Amino acid sequence: MVSLDRPQLILMLVSWNYRYRNSPMDHIDPRARFIFSFAVLFSATTTWNPNILFAVFLIAITWYSLGRLTWKDTRLGWFMISIMLFTMIVVNTIITGGGAGGVVPERGQLIWPEGVLLFGRHVNVGLTVERLWFAVSQLMRILSISLVFIMIPYTMDSRAYGVTFSKLGLPDRLAYTMELSFRFIPTLARNFQVTLDAQRARGFELDAGKGNVIQKIRQVAPLLIPVTMNAIVSSEDIANAMDLRGFGQRKRTWLYELKFNWWDWAIIVFSIVMLATTVILAYRFDMRLFSVPRWWYGLFD
Amino acid sequence: MFFGIAFGPVVGFITGFVGNILADMLSGYGFWVWWDLGNGLMGLVPGLFSAMIYKYNEQKSIILGEVSVILGAALGMGVASLSELWVSGADMNTVIFANFLPAFLTNILWGLVLLPILMVAYAAIVQRSGR
C-alpha cells in the first residue's frame with residue numbers, strides 16, 4: 001500500500017486543481033477534514049446568534065489559512081460565491097429586504113429616517129439597523145461554510161476520495177464508483193479532444209454562436225453524442241473486466257492507505273466539541289434566534 | 001438524466017451526484033454536497049421511468065423521457081434550492097428566483113434538447129451491439 005503523505009506526480013491530461021503545497025492541510029487525514037467541514041456546516045446553520053457565528057467564522061478562517069492557498073488558486077470559486085452573496089445579501093437583504101423575511105422583525109430602527117438625496121431626488125430607503133446586521137450575520141454564515149468547502153478540491157488529493165468515503169462508512173461499491181470516476185476523467189478528456197479534432201476536420205465549429213439558445217444547445221450534439229456513447233461502451237468494457245475478476249465478492253482493499261495521527265484525532269474531538277457546544281448554546285441556553293448586539297445600534301445613533 | 005433513462009435510478013443518481021462533484025472539482029467551485037444531492041435526484045427521477053422505456057427511439061419513450069427531465073429537474077433543483085433556506089438563511093423568494101428558477105430552466109433546456117438526441121443515438125448502439 002502507498003501512503004498519501006508523500007507528494008507524487010499525477011500524470012493526467014486534465015488539470016486537477018490539487019497540488020501538493022506541503023501545507024499543514026496536506027498532512028491532515030481526509031476523514032478528519034470531512035468531519036471538521038461538516039461540523040462547521042452544522043454549527044454555522046444551527047444559530048443566528050452573532051457571537052457563535054463570529055466564533056465559527058474565526059475558526060473557518062484559521063482552517064482556511066492552513067491550506068496556504070493563494071488568491072490566484074481559488075479566484076474562480078470565490079467569483080461564483082461572490083455572485084451568490086451579492087444576490088442573497090445585497091439585493092435580497094439590503095436593497096429589497098426580502099431575504100431577511102421571517103428572521104428579522106418587520107419594524108426596526110431606520111438607518112436613514114429622513115431618506116437620502118439621490119441624483120437630486122429625495123428617496124426613502126427602508127433599510128433598518130437590524131436588517132443590516134442580518135446581512136452581516138448572513139455573510140459570516142455563508143463565508144464560514146464557503147471557506148471550509150471551497151478549499152477541498154485545491155487541497156485534497158483526488159486519489160484520496162474513494163478510500164476516504166469508504167473508511168467513513170460509505171458502501172464499497174459507491175466508494176469505488178467515485179474512485180473510478182476520478183480515474184476515468186483523463187480518458188474522457190482524451191476522448192473529448194479526439195472527437196473535437198475529428199469533428200473539426202469535418203468542418204464542425206463549436207464556437208459558431210449562431211441561432212437561439214435551443215439551436216446553440218443542438219450545436220453541441222455532434223460533440224456530446226460520440227463522447228457519451230464512447231463512454232458507455234468503455235464503461236461496459238470496464239464492468240465486464242471487473243465482473244471477470246470477481247469484483248464485489250468480498251471486501252476490497254485500497255491501494256492508498258489512510259493513517260490517523262494524533263492531530264487528526266485532535267481535529268475530530270475539536271469538531272465534536274464545537275458542534276456540541278453550538279447545539280447546547282442554541283437550544284439549552286436559547287441562543288438560536290437572531291439578535292442584534294448593543295454596540296451595533298451605537299454605530300447608527 | 002440520460003444515464004438514468006438508460007441504466008436505471010441508481011446509475012442516474014450516482015452519475016448526477018458524482019458527476020456534479022467532479023465538475024465542481026475540475027472547475028474549482030468547491031464541494032457543495034446539497035447541490036450534488038440535487039443533481040443526483042435529477043438523474044434518479046428519469047431512472048424511475050427507465051422501466052417503462054423499452055425502445056429508446058420510439059415517440060412514446062421520448063415523450064416519457066422528456067416528462068422525466070422536467071420532473072427530475074423540478075425535484076432535484078427544488079431540493080437543492082430549498083436547502084439554501086437552511087444553509088444560507090435565505091427566504092423563499094430568494095430560493096425561488098435566485099436559486100431554483102435559473103438552475104431549473106437551464107437544466108430542462110439542456111435536458112429537453114439533448115435527451116431525445118442521446119436516446120436515438122443509444123438506440124442505434126443497442127441495436128447494433130445486440131445489448
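As the structure is a prediction and not an experimental result, all values here were calculated from the model. (Residues numbered from 1 in each chain as written. Chains lettered and ligands numbered in written order. Predicted model: local features only at pLDDT ≥ 70, side-chain atom pairs only at ≥ 80, totals over all residues. Heavy atoms only, no water.)

(A) Highlighting the overall build of chain B. The helix and strand tally for chain B stands at five helices and zero strands. From first element to last, N terminus to C terminus, chain B shows the α and β order α-α-α-α-α. A globule of 131 residues ought to have a C-alpha radius of gyration of about 14 Å, and chain B, at 15 Å, matches this closely. Each of the three principal axes of chain B carries a C-alpha extent, and together these read 50 × 25 × 20 Å. Within the span of chain B, comprising 131 residues, buried residues form 57% of the whole. Counting every atom, chain B has about 5500 Å² of accessible surface; 72% of that belongs to carbon and sulfur. Averaging the coordinates of the 4 positive side-chain charges in chain B and doing the same for the 6 negative ones gives two points 27 Å apart. (Helix = DSSP H or I, 4+ residues; strand = E, 2+ residues; numbered from the N terminus. Rg over C-alpha atoms; globule rule 2.2 N^0.38 Å. Buried < 20%, exposed > 50% of the residue type's maximum accessible area, 1.4 Å probe, protein only. Areas by Shrake-Rupley, 256 points an atom, 1.4 Å probe, with all protein chains shown as cover. Lys, Arg positive; Asp, Glu negative; His and termini not counted. Charge placed at Lys NZ, Arg CZ, Asp CG, Glu CD.)

(B) Seen up close, the environment of Pro153 of chain A. Here Pro153 of chain A is to be found in helix α5 (residues 152-155). Sequence-wise, Pro153 of chain A and Arg19 of chain A are 134 residues apart; in three dimensions their C-alpha atoms are separated by 9.5 Å.

(C) Quick look at the packing of aromatic side chains. Going through the model one piece at a time under the given rule, you end up with 25 aromatic pairs over all chains. Aromatic pair Phe34 of chain A and Phe165 of chain A: ring centres 5.2 Å apart, planes at 45 degrees, arrangement tilted. Of this pair, Phe34 of chain A sits in helix α1 (residues 30-46) while Phe165 of chain A sits in helix α6 (residues 160-167), and the two are 131 residues apart along the sequence. Assigned by exposure class, Phe34 of chain A and Phe165 of chain A land together as buried. Members of the aromatic cluster, each reached through a chain of ring pairs, are Phe2, Phe3, Phe7, Tyr56 and Tyr122 of chain B. Sitting over the ring of Phe260 of chain A, Arg31 of chain A keeps its end group 3.9 Å from the ring centre. Arg141 of chain A extends its terminal NZ or CZ atom over the ring of Trp48 of chain A, reaching a point 3.8 Å from the ring centre. (Phe/Tyr/Trp six-rings, centres within 6.5 Å; stacked < 30°, edge-to-face > 60°. Lys NZ or Arg CZ within 6 Å of the ring centre and 35° of its normal.)

(D) Layout of the interface of chain A and chain B. The interface of chain A with chain B comprises 52 residues on the first partner and 37 residues on the second. Where chain A abuts chain B, roughly 4000 Å² becomes buried across the two surfaces, and 79% of that area is made up of carbon and sulfur atoms. On the surface where chain A and chain B come into contact, there are zero salt bridges. Where chain A touches chain B, the interface holds three residue pairs in polar contact (both at pLDDT 80 or more). For the side of chain A that touches chain B, the secondary-structure elements that each account for two or more residues are α1, α3 (71-95), α4 (129-150), α5, α6, α7 (172-201) and α8 (213-244) of chain A. (Contact = heavy atoms within 4.5 Å. Buried area = accessible area lost by both parts, 1.4 Å probe. Salt bridge = Lys/Arg side-chain N within 4 Å of Asp/Glu carboxyl O. Polar contact = N/O pair within 3.5 Å; in protein donor to acceptor, adjacent residues only side chain to side chain.)

(E) Structural view of the packing of helix α3 (residues 33-49) of chain B against helix α4 (residues 59-87) of chain B. All names here are of chain B. Between α3 and α4, the least distance of the axes is 8 Å, while the angle of their chain directions is 155 degrees. In terms of axis orientation, α3 runs roughly antiparallel to α4. In this structure, the crossing between α3 and α4 has a hand that is right-handed. Broken down by class, the residue content of the contact of α3 with α4 amounts to 16 nonpolar, seven polar and one charged. (Axes fitted to C-alpha atoms, helices over the stretch in contact; angles between N-to-C directions. Parallel < 35°, antiparallel > 145°, perpendicular 65-115°, else oblique. Left-handed = near helix turned anticlockwise from the far one by under 90°. Nonpolar A, V, L, I, M, F, W, Y, C, P; charged D, E, K, R; others polar.)

(F) Structural view of the confidence of the model for chain A. All names here are of chain A. Put simply, chain A has an average pLDDT of 82, and 90% of its residues get 70 or more. Of all secondary-structure elements in chain A, the lowest mean pLDDT belongs to strand β1 (residues 2-3), at 50, while helix α9 (residues 262-284) reaches the highest, 95. Counting contacts from residues 5-13, a segment whose pLDDT is below 50, to residues more than four positions away or on other chains yields 12 contacts. (pLDDT = per-residue confidence, 0-100.)

(G) Summary view of the confidence of the model for chain B. Chain-level pLDDT for chain B is 86 on average; 95% of the residues reach the 70-or-more range. Model confidence for the complex is summarised by a pTM of 0.75, with the ipTM given as 0.79.

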